[in-house]
Amino acid sequence: MTVLRGLWKHDFPMSQLASWRAGGVAEALFIPADLTDVGTFCHEDPRAGNALFVGHGSNLLVRDGGIGGVVVRTAPGLCAMRQEDDLIYVEAGVGCPKLAKFAAAAGFADAAFFAGVPGTIGGALSMNAGCHGSETWQHVKQALVFNDGKRALHDACDFETGYRSVRFKNGDTPFFAAAWLHFVQGNITVARSRVRDLLRRRAQTQPLGEPSCGSVFRNPPDGTAAAALIESCGLKGRAIGGAMVSHKHANFIVNTGGANAADIENLIVLVQSEVAAQTGVMLNTEVRIVGRKKTDD
Ligand SMILES: Cc1cc2nc3c(=O)[nH]c(=O)nc-3n(C[C@H](O)[C@H](O)[C@H](O)COP(=O)(O)OP(=O)(O)OC[C@H]3O[C@@H](n4cnc5c(N)ncnc54)[C@H](O)[C@@H]3O)c2cc1C
């Protein structure tokens, strides 16, 4: 077997990685050195089939009982980004805000929405991250993936994409290693000011100084904002342990200090049941919940 050049950590506390600053331990964390290294892992390591690929953990709740097997972190190893004619080639571990800045410097104003998404491109590809009327997959031309240990290049039309969901048409969810994104060429000054405006608006409306995972719930299909429903039910400020529904944005649950994953998950369930009881709407989660519950949870 080819020797892997990346970093291995064992019994790694996922609270150090996840933006909620909560969660259990991963049996093993692998941080590949680069694209070739992660390719070797996917192709040769029998544990790759069950590995969990993560980026910045900004949409991830890891239960307190932790994760068996390997967690593969794309950042910072998969970090290449370059302009190729009218496309941007970007690897999975690049931060979305970094892509937004890079694209703005090239005059691609319609990439500005990435500035407000604190995850990686890999996470954005997996989640179809979006905001302000734009979504990641509107801009994907091709994606480089590993599926069943094999490396393959796919056109965007090979995927079924929806609101915060992406999969192959046969239902498989691959590991995204890189993508070629297209944007509309415009003016550099306009592109940069769009990024600045967007970040200013976010700072006014979101609790950016507190650990969170962004919007916890998907907006219901009828277009109502989940935040408006939660607020209308009087749930702002509702807390379980160290987890609290944000006073600033009702669709955010913040870790006020010392929250464990069970506090957060229990608060998610409480919000769902209160909103369902008061409005008849069942909110579905946008955050991905992984790992085992602690036996005493
Ligand atoms: C303050 C704040 C604001 C936010 N605002 C927005 C917003 O406006 N719009 C929005 O869409 N999201 C938003 N988010 C949520 C989050 O940033 C996005 O969902 C982001 O795309 C997650 O990227 P990540 O790298 O952190 O993924 P992670 O949280 O690490 O993983 C999320 C999911 O993607 C999978 N995944 C990660 N990398 C890969 C890969 N390379 N291949 C395959 N699967 C992978 C993981 O297994 C997991 O299921 C916000 C979060 C915060 C904290």
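It should be emphasised that the depicted structure is a prediction, and the values quoted were computed from it without experimental measurement. (Residues numbered from 1 in each chain as written. Predicted model: local features only at pLDDT ≥ 70, side-chain atom pairs only at ≥ 80, totals over all residues. Heavy atoms only, no water.)

**Some points on the nonpolar core**
Stage number 1. If you look at the biggest cluster of nonpolar residues, it comprises 37 residues, and the most contacted ones within it are Ile-88, Phe-114, Trp-137, Phe-159 and Phe-176.
Stage number 2. For this core, the element with the most residues is helix α2 (residues 96-105), which contributes 5 residues.
Stage number 3. Residues within four places of Ile-88 in sequence aside, it is in contact with Met-81, Arg-82, Gln-83, Leu-99, Phe-102, Ala-103, Phe-108, Ala-179, Trp-180, Leu-181 and Phe-183.
Stage number 4. Core analysis: the next-biggest nonpolar cluster, separate from the first, contains 25 residues, Ala-22, Ile-230, Ala-261 and Val-287 among them. (Core = buried A, V, L, I, M, F, W, Y, C linked by side-chain atoms within 4.5 Å. Buried < 20%, exposed > 50% of the residue type's maximum accessible area, 1.4 Å probe, protein only. Helix = DSSP H or I, 4+ residues; strand = E, 2+ residues; numbered from the N terminus. Contact = heavy atoms within 4.5 Å.)

**Quick notes on the sheet that holds strand β15 (residues 239-240)**
Stage number 1. One open sheet accounts for 3 strands, arranged β15-β16-β17; its pairing is antiparallel. Both outer strands of the open sheet, β15 and β17 (253-255), are each paired with one neighbouring strand and no more.
Stage number 2. In this structure, β15 lies alongside strand β16 (residues 243-245), joined through 2 bridges in antiparallel fashion. The partner of Ala-239 across the bridge, within β16, is Met-244.
Stage number 3. Along the sheet face, helix α6 (residues 261-279) touches β15, β16 and β17 and points at about 30° away from the line of β16. (Pairing = 2+ DSSP bridges. Axes fitted to C-alpha atoms, helices over the stretch in contact; angles between N-to-C directions.)

**As for the site of the ligand**
Stage number 1. By nearness alone, 36 residues border the ligand, and Phe-53, Ser-58, Thr-120, Gly-130 and Arg-202 come closest of all.
Stage number 2. Contacts to the ligand include Asn-59, whose backbone N or O atom sits 2.8 Å from an oxygen atom.
Stage number 3. Between the ligand and the protein, one listed contact pairs an oxygen atom with a backbone N or O atom of Ala-124 at 3.3 Å.
Stage number 4. When isolated, the ligand has an accessible area of 970 Å², and the protein chains bury 93% of it.
Stage number 5. Elements that contribute at least two residues to the shell around the ligand include exactly β3 (52-54), α3 (121-127), β8 (130-131) and β14 (175-182).
Stage number 6. Among the elements that take part in the shell around the ligand, α3 stands out by supplying 5 residues, more than any other.
Stage number 7. A breakdown of the residues in the shell around the ligand according to their chemical character gives 17 nonpolar, 16 polar and 3 charged. (Near = heavy atom within 4 Å. Polar contact = N/O pair within 3.5 Å; in protein donor to acceptor, adjacent residues only side chain to side chain. Areas by Shrake-Rupley, 256 points an atom, 1.4 Å probe, with all protein chains shown as cover. Nonpolar A, V, L, I, M, F, W, Y, C, P; charged D, E, K, R; others polar.)

**Re the UniProt feature "domain: FAD-binding PCMH-type" (unreviewed entry) in the protein chain**
Stage number 1. Residues annotated in UniProt with the feature "domain: FAD-binding PCMH-type" (unreviewed entry) correspond here to residues 22-198.
Stage number 2. With 21% helix and 36% strand, residues 22-198 has its two end C-alpha atoms placed 28 Å apart. (UniProt positions renumbered as here; feature names shortened; annotations may be inferred.)

**Looking at the UniProt feature "active site" (unreviewed entry) in the protein chain**
Stage number 1. With numbering matched to this structure, UniProt assigns "active site" (unreviewed entry) to Arg-164, Ser-215 and Glu-286. The named residues occupy 123 residues along the chain; their greatest pairwise C-alpha distance, 11.4 Å, places them in one compact cluster.
Stage number 2. As for its placement among the helices and strands, Arg-164 is situated in the loop between β12 (159-162) and β13 (165-168).
Stage number 3. By relative accessible area, which is 11% here, Arg-164 ends up buried.
Stage number 4. The residues touching Arg-164, leaving out its near neighbours within four places in the chain, are Met-127, Asn-128, Ala-129, Gly-130, Cys-131, Glu-135, Arg-218, Glu-286 and Arg-288.
Stage number 5. Of note is the side chain of Arg-164, whose polar atom sits 2.9 Å from the backbone oxygen of Gly-130.

**Brief notes about the packing of aromatic side chains**
Stage number 1. Taken as a whole and judged by the stated rule, the model has 13 aromatic pairs.
Stage number 2. Between Trp-137 and Phe-159 the ring centres are 4.8 Å apart and the planes differ by 50°, which places this aromatic pair in the tilted class. Taken together, the positions of Trp-137 in the loop between β9 (134-135) and β10 (140-147) and Phe-159 in strand β12 put the pair 22 residues apart, joining distant regions of the chain. For the pair Trp-137 and Phe-159, one class covers both residues: buried.
Stage number 3. Among the aromatic residues, those joined into a ring-pair cluster are Phe-108, Phe-113, Phe-114 and Phe-183. (Phe/Tyr/Trp six-rings, centres within 6.5 Å; stacked < 30°, edge-to-face > 60°.)

**So, the domain arrangement of the protein chain**
Stage number 1. Each domain of the protein chain was delimited in the assignment, giving domain 1 (7-73), domain 2 (81-204) and domain 3 (226-290).
Stage number 2. Computed over C-alpha atoms, the centres of domain 1 and domain 3 are 26 Å apart.
Stage number 3. Contacts between the two partners involve 12 residues from domain 1, matched on the other side by 15 residues from domain 3.
Stage number 4. Surface buried jointly by domain 1 and domain 3 totals about 1200 Å² across both partners, of which 58% is contributed by carbon and sulfur atoms. (Domains from an automatic or database assignment. Buried area = accessible area lost by both parts, 1.4 Å probe.)

**Some details on the side chain of Thr-120**
Stage number 1. When you line up the elements, Thr-120 lands in the loop between α2 and α3.
Stage number 2. Reaching out from Thr-120, the side chain makes a polar contact with the backbone oxygen of Ala-92 at a distance of 3.5 Å.
Stage number 3. The residues contacting Thr-120, other than those within four sequence positions of it, are Gly-55, His-56, Thr-74, Ala-75, Ala-92, Gly-93, Val-94, Gly-95 and Cys-96.

**A word on the environment of Thr-40**
Stage number 1. Following the sequence through the fold, Thr-40 ends up in helix α1 (residues 35-44).
Stage number 2. Between the alpha carbons of Thr-40 and Gly-122 there is a distance of 18 Å; along the sequence they are 82 residues apart.

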